[in-house]
Amino acid sequence: MTIAMLLAMDRNNGIGIDNKLPWRLPADMAYFRKVTKGRTVLMGRKTHESIGKPLPNRLNVIVTRDPSYKAEGCVVEHSLEEALRRHNPADDELIVIGGAEICKAAMPYTDKLYITHIYHEFAADTFFPEIEASVWEVTSREPGVKDEENPYDYEFVVYERKTGT
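Think of each chain on its own: its residues are numbered from 1, step by step along the sequence as written. This being a predicted model, a pLDDT of at least 70 is required before a residue's local features are given, and a value of 80 or more before pairs of side-chain atoms are given or counted; all residues contribute to the totals for chains, interfaces and linings. Side-chain descriptors were evaluated using all non-hydrogen atoms of the structure, hydrogens and water having been removed beforehand.

The name an unreviewed UniProt entry gives the protein chain is Dihydrofolate reductase, with Paenibacillus chartarius as the organism. UniProt positions are given in the numbering used here, feature names are shortened, and annotations may be inferred rather than shown by experiment. The UniProt entry for the protein chain carries the following comment under Sequence similarities (unreviewed entry): "Belongs to the dihydrofolate reductase family." The Function (unreviewed entry) comment attached to the protein chain in UniProt states, word for word, "Key enzyme in folate metabolism. Catalyzes an essential reaction for de novo glycine and purine synthesis, and for DNA precursor synthesis."

Visitor: Quick question: what am I supposed to make of the pattern of salt bridges here?
Guide: Where side chains of opposite charge bring their charged atoms close, a pairing between them can arise. For salt bridges, the criterion is a side-chain nitrogen of Lys or Arg within 4 Å of an Asp or Glu carboxyl oxygen. Under the counting rule described, the total for this entry stands at 10 salt bridges. With a shortest N-O distance of 3.4 Å, Glu-149 and Arg-24 are connected by a salt bridge. Of this pair, Glu-149 sits in the loop between β9 (136–143) and β10 (154–161) while Arg-24 sits in the loop between β2 (14–16) and α1 (26–36), placing them 125 residues apart in sequence. Owing to a relative accessible area of 42%, Glu-149 belongs among the partly exposed residues under this scheme. The class for Arg-24 is exposed, based on a relative accessible area of 54%. A salt bridge links Arg-86 to Glu-77; the shortest N-O distance between them is 3.6 Å. The class for Glu-77 is buried, based on a relative accessible area of 4%. What you see here is one network of salt bridges that share partners, running through Arg-39, Asp-92, Glu-93 and Lys-112. For the purposes of this entry, the term helix denotes a DSSP run of H or I that reaches at least four residues, the term strand denotes a run of E that reaches at least two, and both are numbered from the N terminus. Each residue is assigned to one of three classes by its accessible area relative to the maximum for its type, calculated with a 1.4 Å probe on protein chains only: buried under 20%, partly exposed between the two thresholds, exposed over 50%.

Visitor: Just to check I follow, could you spell out α1 for this structure?
Guide: Counting along an α-helix, one turn takes 3.6 residues, and residues three or four places apart therefore face a common direction. Among all positions of α1, only Ala-27, Asp-28, Tyr-31, Phe-32, Val-35 and Thr-36 are buried. What you see down the axis of α1 is that its buried residues fit within an arc of 155 degrees, all on one side. Of the residues one or two after α1, Gly-38 is the one with positive phi, at around 80 degrees. For this quantity, the arc is that covered by the directions from the helix axis to the C-beta atoms.

Visitor: Please clarify how the sheet that holds strand β1 (residues 2–9) should be interpreted in this entry.
Guide: Note on sheets: strands pair through backbone hydrogen bonds, and any given pair is parallel or antiparallel. Taken in spatial order, the eight strands make up an open sheet running β5-β4-β3-β6-β1-β7-β10-β9, and their pairing is mixed. In this open sheet, the two edge strands, each paired with only one partner strand, are β5 (75–77) and β9. Ignoring which end each strand starts from, the neighbouring axes of this sheet average 25 degrees apart. Contact definition: two residues touch when any of their heavy atoms are within 4.5 Å. Angles shown run from 0 to 180 degrees and are taken between the N-to-C directions of axes, each axis being a line fitted to C-alpha atoms and, for helices, limited to the stretch in contact. Here α1 sits on the sheet in contact with β1, β3 (40–44), β6 (93–98), β7 (112–118) and β10, set at roughly 35 degrees to β10. Pairing between two strands requires that DSSP report at least two bridges joining them.

Listed below in structure tokens is the structure:
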């Protein structure tokens with residue numbers, strides 16, 4: 001079983017502002033759907049609320065400290081460790097999709113990163129930590145197509161944790 005993380009970030013590692021994405025990039029949304037479809041996605045309460053509904057064709061797991069929190073169509077857990085223990089498919093990936101607090105807490109458990117690097121600077125109030133070359137190695141890189149709908153230079157990069165880190 002693999003624990004992965006999937007997110008997009010700008011040139012300054014910005015990932016959000018006011019609990020929203022700072023950009024509109026339809027190709028990244030299509031990539032998100034492709035990678036997560038049929039899998040378990042794990043997110044924090046704020047991320048779930050910013051999406052507004054369960055993501056279809058996925059098991060949606062929400063982590064919150066609020067013991068009374070309920071979300072229709074989702075599984076609610078009250079600690080990251082409990083969520084990882086109970087919703088870890090043996091033969092597939094569990095994918096952490098945000099927000100920053102859950103990403104930070106899940107990083108020590110994470111084996112793979114699916115990162116959309118957007119080569120533009122946006123106003124952001126939430127950031128992802130540096131991806132350290134001593135810990136992560138690039139295993140695939142696919143340039144995105146800049147066009148009228150996707151107006152920024154970007155690429156899809158997959159990182160895997162180096163053995164022993």
